[in-house]
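# Secondary and tertiary structure notes
Chain by chain, the residues:
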Amino acid sequence: MQRQYLLPILLAWVFFHAAPAWSMTMAVFPIEDLSQGQNGVNIEMTEYLSWDMNQKGFDVVAKDEVMSFMARNRVRWLGFLDTRHIILAREELGVDLILFGTMTLRQEKISPSFGLTLYLVRTEDTRTLWTGSGGLSQQDIVNLLGVGEKEEAEGLLPRLAQNVMTSWPVEFETVEKQQHALEIESVDLTPVHVRRGDQVNCNVRLRTRWSDEDMPRVFFKVSGRVYMARQSEDGFGYESDWMVSDRDGRYPVTLVINWPSGYKKVAFLGAYTIDSAPPKLVLELKGVQLEGTVAFRDQVIIIPRMLRREPVARWKLKVEDEAGQEQMSYTGYGQLPKRFVWNGRGKDGWPAAEGIYRVTLQVWDRSDNLAVATQPVAVARTPPAMVLEAKNQGRDMIVDLDHDGKVPIAFWRMEMRSETGELIKVAEGDQLPYRMDVTLPNKVIKVAEQLVPPAAGRNVVRVAEAAPLMMDVALPEDKDTRKVEVTVVMRDILGNFSREKIVDLNGLANQQELDRQPPKESPVWIDEF
Amino acid sequence: MKKITLFFALVFLAFAQGACSVKEPPILVKLAPIPYEGKICRVAVLPFDNQTNYPGAGIFFSRIFANALIVAGTNLVAHEGDTRKVLQQMQVIPGQMPTIEQIRALADRLGVQIVVYGTIMELREKDDRGKSLDPSMAVIIRILEADSGRTIWSTYHRREGGQYRSVMHLGMVSSVTELSKRISDEILDTWYTEGLIRCEE
């Protein structure tokens, strides 16, 4: 009688304890090995886990099938999976469970040590049923008095796997199933920066397609307004266009799915910003101010300043002459450079002609609002023109030095030399006009350190900048006069430089004296003679 | 008699050495209250930022931490593949901290209540001489609120393998994986003590 019940009881015990494992198919994905760099694989651990799962009673899918699945579905990374691939594994491999994981540590130099983390996922609802992790090193295996302790890593991997799987669940069916997730493959919301009245397009692709009887209403919701979505031909895509609001601000976009059953799913897709205000911009030119305009000779530094910090989409800097001809331009995308430098050359590379130019900076923000800032700039390359006036006063000679031009002088130097090249006097400074009183006969020179304003209405000798003074001022009665040579060097604050030489200062003084005398009256006929 | 006394004294010292190792608890900074009255069942763990020279530390610690979260009772931890895909769509490099806006979008797409992001500050595997395993590790783990994208809790924790030594060499943690697991468990213990509620409770 007892033997009669023994067999059914034994069969029932085996069924209840082993049935879950028997009825389940499992895929063991290659275990990632981080010690081998990105996407390294640990074949040894993968094979051991496959063998162990088989021993636990699971129907383990062959390694080649898993590899083929990974190649077919472009599973490029090991150590993790996404929901789509888990669902695909169920459809294509027919597996109930997937085991995957990572060898987080593998070093065999000093006291071999390994680390492992494992995930077990149910393919039906993509839920993670079990996880385990742990580390083990040879140093951890301590025997009494060190008897039988090994130095090699032999047997350490299986031991680690068993340690990690100490919490392996006996029963899987009791774990509650989770609701299917709404899988969004891609979201394309363009443009994300718009102006009032612009159009926005939203295109969403889902990984789910519903049957006609279960077809939900899909729409996009923005700031309380809804826009019905058009379904694509393949049934996975939903798209809609709408005109944006007439108020600036940030507008979040959500996808709303309403099923006939009343179930509703809302997913945040992104946001767009309405901005209709152009950026506030000013231009600052670093240079010498001349009559309210910045002037330069070699280069001018242009500094753009945003009065309100705002991202810039693109910009253009251009320089135009007075006729509106573009001399130079720079364009760029993204943030503005901290400064620009114009070297005063045109597009052909030659120095631009003297004159007034307009520097214009155009800036577009992300919503394509345009801001423009303009500043005039002057190119000044004329060297300073010297004005020298010499006047004999008895044995003395008064020399007045000045310049003719709008650009202030930064430095000047005047040298007087005798005919034999002997240096008589050197004078230099940074301000003009300047007067010198010179006594020549006994070579004693007095210098009046007094600045005088330029005398108005005086006859002056202008030394042209292009052609050096070539005039013979020596008069017949001065033939025996001792000659004094004067060299004048000038540099203005823009860096323009001139160097002039007067070969005979006495001759020049005499000539100027003659020029100052009133013209002699010409003889006139007297009618009544 | 003296030899026996000396033997027991040595045994006592060996036990005392283990007992004396001080283990500081994780330092938790609460910047805002935890949402949903602490009952968090759906979490996304981002790949952690690795500021050490140890290769792959950010990856393996984030996986071990996600592992510990599931074991500790969080019903749903978003698959790393899903998290990475959303980050990729938002053009965020794994390990890089997403913006508040991106955190909100990611949390919404994955349907999670909070996002966990961490930084590995220090990771050493061997002792100073490099001759034996003596790991040490310091991490900062942050809880980011899904609705606002802001950090609400931040936890700093540092551990050395030797701090788990009980008697002589016994109990000492000698692998960085095991140390990561212990650190993760201790941080989660602190979180659950300080207001996080297990899903089944």
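These notes cover the structure that comes with them. Keep in mind that this is a model prediction, so the values were computed, not measured.

## A short note on the overall build of chain B
Scanning chain B for helices and strands turns up 5 helices and 7 strands. Looking at chain B residue by residue over its 201 residues, the buried ones come to 55%. Within chain B, contacts between residues at least 6 apart in sequence are counted, and of these 69% link residues at least 24 apart. Approximately 9500 Å² of chain B is accessible, and the part contributed by carbon and sulfur atoms is 57%.

## Observations concerning the pairing of strand β25 (residues 370–379) of chain A
Residues and elements named next belong to chain A. Strand direction decides the pairing type here: strand β19 (residues 293–296) and β25, joined by 3 bridges, are parallel. From the neighbouring strand, A295 faces β25, where its bridge partner is A378. Where strand β24 (residues 355–365) meets β25, 10 bridges bridge the pair, whose relative direction is antiparallel. Paired with R358 across the two strands is P376, which belongs to β25.

## Overview of the nonpolar core
Counting 57 residues, the largest nonpolar core has F65 and W191 of chain B as the members making the most contacts within it. Considering every element that reaches this core, the biggest residue donor is helix α2 (residues 57–72) of chain B, with 10 residues. Listed in part, the 27 residues of the second largest apolar core include I31, V60, L136 and L160 of chain A.

## Concerning the interface of chain A and chain B
With 46 residues of chain A at the contact, the number on the chain B side is 39 residues. Interface area for chain A against chain B, summed over the two sides, is near 3300 Å², with a carbon-plus-sulfur share of 50%. Counting across the interface, chain A meets chain B through 3 salt bridges. Between E32 of chain A and R63 of chain B there is a salt bridge, with its nearest N and O atoms 2.5 Å apart. Taken together, the connections running from chain A to chain B amount to 15 residue pairs in polar contact (both at pLDDT 80 or more). When residues of the side of chain A that touches chain B are traced back to their parent elements, those giving at least two are α4 (83–93), β5 (97–107), β6 (113–122), β7 (127–137), β8 (184–190) and β16 (264–274) of chain A. With 9 residues, the single largest contributor to the side of chain A that touches chain B is β7 of chain A.

## Side note on the sheet that holds strand β23 (residues 340–342) of chain A
Sheet strands line up and pair through hydrogen bonds in the backbone, either parallel or antiparallel. Residues and elements named next belong to chain A. In spatial order, the strands read β17-β20-β23; together these 3 strands make up an open sheet with antiparallel pairing. Among the strands making up the open sheet, the edge pair consists of β17 (281–286) and β23. For this sheet the average axis-to-axis angle between neighbouring strands, irrespective of direction, equals 25°. In the sheet, strand β20 (residues 300–306) pairs with β23 via 3 bridges, with the strands oriented antiparallel. Across the sheet, the residue bridging to I301 is V341, located in β23.

## Some remarks on the packing of aromatic side chains
A complete count under the given rule lists 20 aromatic pairs over all chains for this structure. Consider the rings of Y48 of chain A and W51 of chain A, whose centres lie 5.8 Å apart with planes at 40°: the pair is tilted. Placement of both Y48 of chain A and W51 of chain A in helix α2 (residues 43–55) is noted, with a separation of 3 residues, approximately one turn of the helix. Classification of W51 of chain A by relative accessible area gives partly exposed; the value is 48%. Ring centres 5.4 Å apart and planes at 80° place the aromatic pair W210 of chain A and W259 of chain A in the edge-to-face group. On the criterion of sequence distance, the pair formed by W210 of chain A in the loop between β10 (199–206) and β11 (217–222) and W259 of chain A in the loop between β15 (249–258) and β16 is long-range, its members being 49 residues apart. Accessibility expressed as a relative area gives 13% for W259 of chain A, which makes it buried. Chaining the aromatic ring pairs together yields one cluster made of F220, Y227, W242, Y251 and Y272 of chain A. When the ring centre of W364 of chain A is taken as origin, the NZ or CZ atom of R314 of chain A, which lies over that ring, is 4.0 Å away. For the cation-ring pair, R182 of chain B lies above Y164 of chain B, with the distance from its terminal atom to the ring centre recorded as 4.9 Å.

## With respect to the pairing of strand β2 (residues 42–45) of chain B
Residues and elements named next belong to chain B. Where β2 meets strand β4 (residues 76–77), 2 bridges bridge the pair, whose relative direction is parallel. Opposite R42, over in β4, you have L76 as the bridge partner. Two elements, β2 and strand β5 (residues 114–126), share 3 bridges in a ladder whose sense is parallel. Each bridged residue has a counterpart across the sheet, and for V45 the counterpart in β5 is V116.

## Some points on the sheet that holds strand β21 (residues 312–320) of chain A
All names here are of chain A. If you trace the 6 strands from one edge of the open sheet to the other, you get β18-β19-β25-β24-β21-β22, paired in mixed fashion. Edge positions in the open sheet fall to β18 (288–290) and β22 (326–333), since each of these has one partner strand only. Across the sheet, the mean angle from the axis of one strand to that of its neighbour is 30°, orientation sign disregarded.

## Focus: the packing of α2 of chain B against helix α5 (residues 176–193) of chain B
Residue and element names in this part refer to chain B. Following both chains from N to C, one finds α2 and α5 inclined at 45°, their axes separated by 9 Å at the closest point. Between α2 and α5, the angle falls in the class oblique. Like other packed secondary-structure pairs, α2 and α5 cross with a definite hand, here right-handed. Mapping the contact onto sequence places F60, F61, I64, F65, A68, L69 and A72 in α2 and V176, T177, S180, K181, I183, S184, D185, I187, L188, W191 and Y192 in α5. When its residues are assigned to classes, the contact of α2 with α5 shows 13 nonpolar, 3 polar and 2 charged.

## Some words on helix α4 (residues 100–110) of chain B
Each full turn of the α-helix corresponds to 3.6 residues, which orients residues three or four apart in the same direction. Among the residues of α4 of chain B, Q102, I103, A105, L106, A107, R109 and L110 of chain B are the ones counted as buried. On its buried face, α4 of chain B is in contact with β8 and β16 of chain A together with β2, α3 (80–89), β5 and β6 (133–145) of chain B. One or two residues past the end of α4 of chain B sits G111 of chain B, with phi positive at roughly 70°.

## Description of the pattern of salt bridges
In total, this model carries 33 salt bridges over all chains according to the counting rule given. The salt bridge partner of K316 of chain A is E326 of chain A, with a shortest N-O separation of 3.7 Å. Pair noted here: K316 of chain A is in strand β21 and E326 of chain A is in strand β22, with a separation of 10 residues, a long-range link. Look at E326 of chain A and you get partly exposed, because its relative accessible area is 27%. Through salt bridges with shared partners, a single network forms among E32 of chain A together with R63, E80 and R84 of chain B.

## Overview of unusual backbone geometry
Excluding glycine, residues mostly carry a negative phi; peptide bonds, for their part, are mostly trans. Residues and elements named next belong to chain A. Residue P191 follows T190 across a cis peptide bond; omega there is -15°. Its location among the elements puts P191 in the loop between β8 and β9 (193–194). Going from L432 to P433, the amide bond is cis rather than trans, its omega being 5°.

## As for the environment of L269 of chain A
Mapped onto the fold, L269 of chain A is located in strand β16. C-alpha separation for the pair L269 of chain A and F220 of chain A, spaced 49 residues apart in sequence, amounts to 9.2 Å.

## Quick notes on the packing of α2 of chain A against helix α5 (residues 156–164) of chain A
Residue and element names in this part refer to chain A. Where α2 contacts α5, the two axes come as close as 10 Å, and the packing angle between them is 55°. The angle between α2 and α5 falls in the class oblique. In this structure, α2 meets α5 at a crossing whose hand is right-handed. Contacts between α2 and α5 involve E44, M45, Y48, L49 and D52 on the former and, on the latter, L157, P158, L160, A161 and Q162. Classifying every residue of the contact of α2 with α5 gives 7 nonpolar, 1 polar and 2 charged.

Reading the values: the criteria
Residues numbered from 1 in each chain as written. Chains lettered and ligands numbered in written order. Predicted model: local features only at pLDDT ≥ 70, side-chain atom pairs only at ≥ 80, totals over all residues. Heavy atoms only, no water. Helix = DSSP H or I, 4+ residues; strand = E, 2+ residues; numbered from the N terminus. Buried < 20%, exposed > 50% of the residue type's maximum accessible area, 1.4 Å probe, protein only. Contact = heavy atoms within 4.5 Å. Areas by Shrake-Rupley, 256 points an atom, 1.4 Å probe, with all protein chains shown as cover. Pairing = 2+ DSSP bridges. Core = buried A, V, L, I, M, F, W, Y, C linked by side-chain atoms within 4.5 Å. Buried area = accessible area lost by both parts, 1.4 Å probe. Salt bridge = Lys/Arg side-chain N within 4 Å of Asp/Glu carboxyl O. Polar contact = N/O pair within 3.5 Å; in protein donor to acceptor, adjacent residues only side chain to side chain. Axes fitted to C-alpha atoms, helices over the stretch in contact; angles between N-to-C directions. Phe/Tyr/Trp six-rings, centres within 6.5 Å; stacked < 30°, edge-to-face > 60°. Lys NZ or Arg CZ within 6 Å of the ring centre and 35° of its normal. Parallel < 35°, antiparallel > 145°, perpendicular 65-115°, else oblique. Left-handed = near helix turned anticlockwise from the far one by under 90°. Nonpolar A, V, L, I, M, F, W, Y, C, P; charged D, E, K, R; others polar.

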